[in-house]
Amino acid sequence: MKMTFRWYGEKDSIPLEYIRQIPNMSGVVTAVYDVPVGEVWELSKIERLKELCDGAHLAMEVIESVPVHEDIKLGKPSRDRLIENYAQTIRNLGKVGVKCVCYNFMPVFDWLRTDLKRKNADGSNALCYCHETLLKLDPKNLRLPGWDESYTAEELNGLLEEYKGISHEQLFENLVYFLNGIMPACDEAGIDMAIHPDDPPWDMFGLPRIITGEKSYDKLFAAVPNRHNGITFCTGSLGAGRFNDLPKMAAKYADRIYFAHLRQLKYEGDTDFAEAGHLTAAGDLDIYGVVRALVENGFDGYVRPDHGRNIWGEDGKPGYGLYDRALGAAYLNGLFEAIEKDRAIGR
């Protein structure tokens, strides 16, 4: 595996030289953030990012993410032009050595939480989700942590209205159409697409969510068997669904998992959860079991510690401070090393 770290470009408060100091850190996961969704990422912008990463002796082989335009998800007539733009971005990324693109197909909203800085007993703070709190929100007048500036009220209301006519099956068909449209570019560029699961893995505000667990992965691979069609295995997103057996899924899909987001959750009810330190004992997800399943089934993709707490007085970007994610990387490095060595001697 290759250990990586999310980096939000030149405006990130965490400098590349700090990331480089984390043991066994091979590269960063980043993106071009100043291009409107749906437009082509110019080669010069990608090359600028690559130069910065190279200068810090960190590889830039994973992009997270190239956003998918809502018109593609909705299946609107404009999608063919937007898909071709996406394909050209893939070709441009391939020219600088990118190997994997993480993306999602969640309508309107990406990940959803109801508190970005919930105080923990140990003095740290973390992201959490309370379903009852979410249900009380009015999506047409949304004040949600991390999302209240994502769209204007008019844009949000318009999108919600358009999605009223989109079923789960229609959204899935639009995903397949998108993937079939970009697979030739992936073949040409040698880039794997790694779809991120819906977070949390259930419908939100009446919007369909279609990448939620084992059945949806089986359906996706049957519809688009091209080997460049793969997944980002996010333990936190999938683990929020109590119905998902993470070690089983890690074993089953190890050869189609091109990117792994490994993080921990502590359940607080049937749907509620708080994010915790990466250690298996810190929460309810079997991080050790997941890593063991990945190693034993030949996983050789990219890994990154995900959604850390803010600890030691750090007031970083929620989920993306330096210290706890660095601790998470160290813990994951230890798990991979121990399990790989045990496997090598037949234990």
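Note: the structure precedes this text.
Throughout what follows, the structure given in this document is the object of discussion. A quick note: this is a predicted structure, and the numbers were derived from the prediction, not measured.

What the protein contains, in helices and strands, is twelve helices and twelve strands. Rg of the C-alpha trace for the protein: 19 Å, near the compact-globule value of 20 Å for 347 residues, within the 12% margin. Out of the 347 residues in the protein, the part that is buried amounts to 56%. Accessible surface computed for the protein: about 14700 Å², of which carbon and sulfur atoms make up 50%.

For the pair helix α4 (residues 79–95) and helix α7 (residues 168–189), interaxial distance at closest approach is 9 Å and the crossing angle is 30 degrees. Put simply, α4 runs roughly parallel to α7. The interaxial crossing formed by α4 with α7 has right-handed handedness. Side by side, α4 and α7 meet where Arg-79, Asp-80, Ile-83, Tyr-86, Ala-87, Ile-90, Arg-91 and Gly-94 of the first sit next to Asn-174, Tyr-177, Phe-178, Gly-181, Ile-182, Ala-185, Cys-186, Glu-188 and Ala-189 of the second. Residue composition of the contact of α4 with α7, grouped by class: ten nonpolar, three polar and four charged.

Inspection of the entire model under this criterion finds eleven aromatic pairs. Counting every residue linked through ring pairs, the aromatic cluster contains Tyr-86, Tyr-103, Phe-105 and Phe-178. In this structure, Arg-242 packs its charged tip against the face of Tyr-267, placed 3.7 Å from the ring centre. The ring of Tyr-8 carries the charged tip of Lys-317 above its face, separated from the ring centre by 4.8 Å.

Right, let's talk about unusual backbone geometry for a bit. In this structure, Ser-65 follows Glu-64 across a cis peptide bond, with omega equal to 0 degrees. Along the chain, Ser-65 turns up in the loop between β3 (59–64) and α3 (70–74). Here the phi dihedral of Val-108 falls at roughly 65 degrees; this positive angle occurs in a residue that is not glycine. Its location among the elements puts Val-108 in the loop between β4 (100–103) and β5 (115–119). According to the relative accessible area criterion, Val-108 is buried, its value standing at 4%. In this structure, Trp-312 takes a positive phi of about 55 degrees despite not being glycine. Relative to the assigned elements, Trp-312 resides in the loop between β12 (302–305) and α12 (323–344). For Trp-312, a relative accessible area of 63% puts it in the exposed group.

Procedures and definitions
Residues numbered from 1 in each chain as written. Predicted model: local features only at pLDDT ≥ 70, side-chain atom pairs only at ≥ 80, totals over all residues. Heavy atoms only, no water. Helix = DSSP H or I, 4+ residues; strand = E, 2+ residues; numbered from the N terminus. Rg over C-alpha atoms; globule rule 2.2 N^0.38 Å. Buried < 20%, exposed > 50% of the residue type's maximum accessible area, 1.4 Å probe, protein only. Areas by Shrake-Rupley, 256 points an atom, 1.4 Å probe, with all protein chains shown as cover. Axes fitted to C-alpha atoms, helices over the stretch in contact; angles between N-to-C directions. Parallel < 35°, antiparallel > 145°, perpendicular 65-115°, else oblique. Left-handed = near helix turned anticlockwise from the far one by under 90°. Contact = heavy atoms within 4.5 Å. Nonpolar A, V, L, I, M, F, W, Y, C, P; charged D, E, K, R; others polar. Phe/Tyr/Trp six-rings, centres within 6.5 Å; stacked < 30°, edge-to-face > 60°. Lys NZ or Arg CZ within 6 Å of the ring centre and 35° of its normal.

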